[in-house]
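Observations on the model geometry
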Amino acid sequence: MKEIPMPLKILFFGIILVIVFYVSYFIWDSISSESYTLDNVNEIHKQHISAVNNKSREDLKTDLNLATLNRNVQLHVDDSTHYFDRAEYYTQLARQDLALSDYTKAIELNSENMFYYWHRGRAYWVLNQYQEALDDYDRAIEIELPRGLTRKSKYTSVSYELDKMREERKELLKGLD
């Protein structure tokens, strides 16, 4: 029996590969639910461009909320609650770096509000500034502790928040060791 020459083997192998490719393509094409024509591709491209160029309703709402908060801060320069509200908004957007200055300004305007220290401490914690977070937690506890001792009910919302703050402080101290 005569052996098949190598060029012929390569040719047969190539033909088999082409046949397998075409069969696979036609099977895939028949299974595919959407056929891509030039019109479909153009429509997909238009949708992509529209999505990139137009802000979503949520983005517009975010811009409007921030504009309102900025206006409130400008109109009520000496009111700590507006700085605190804007800082909370930045925190919701995961922008603790921007929130810190507003928390600090709120504390400058009202240094006896323990929540301002607590929330700024959380922002510091998220930013891995642990010593600053501990300092703020300690200050918040200093402010609230005398009030907490005079409360009749142990389960008021502020006492609950104070307990929560103490637990966060303990976790933070564990992380520093």
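What comes next concerns the included structure. (Residues numbered from 1 in each chain as written. Predicted model: local features only at pLDDT ≥ 70, side-chain atom pairs only at ≥ 80, totals over all residues. Heavy atoms only, no water.)

Our next topic: the packing of helix H5 (residues 96-109) against helix H6 (residues 114-126). Contact geometry for H5 and H6: axes closest at 9 Å, N-to-C directions at 155°. Judged by the angle between their axes, H5 and H6 are roughly antiparallel. Seen along the crossing, H5 lies across H6 with a hand that is left-handed. Residue-level contacts link Gln-96, Leu-100, Tyr-103, Thr-104, Ala-106 and Ile-107 of H5 to Tyr-116, Tyr-117, His-119, Arg-120, Ala-123, Tyr-124 and Val-126 of H6. Classifying every residue of the contact of H5 with H6 by side-chain character gives nine nonpolar, three polar and one charged. (Axes fitted to C-alpha atoms, helices over the stretch in contact; angles between N-to-C directions. Helix = DSSP H or I, 4+ residues; strand = E, 2+ residues; numbered from the N terminus. Parallel < 35°, antiparallel > 145°, perpendicular 65-115°, else oblique. Left-handed = near helix turned anticlockwise from the far one by under 90°. Contact = heavy atoms within 4.5 Å. Nonpolar A, V, L, I, M, F, W, Y, C, P; charged D, E, K, R; others polar.)

In this structure the tally under the stated criterion is five aromatic pairs. Residues Phe-115 and Trp-118 carry aromatic rings whose centres are separated by 6.2 Å and whose planes lie at 45° to one another, so their mutual orientation is tilted. With Phe-115 and Trp-118 both in helix H6, this residue pair falls three residues apart, about one helical turn. Residue classification places Phe-115 among the partly exposed residues on the basis of a relative accessible area of 27%. With a relative accessible area of 2%, Trp-118 lands in the buried category. (Phe/Tyr/Trp six-rings, centres within 6.5 Å; stacked < 30°, edge-to-face > 60°. Buried < 20%, exposed > 50% of the residue type's maximum accessible area, 1.4 Å probe, protein only.)

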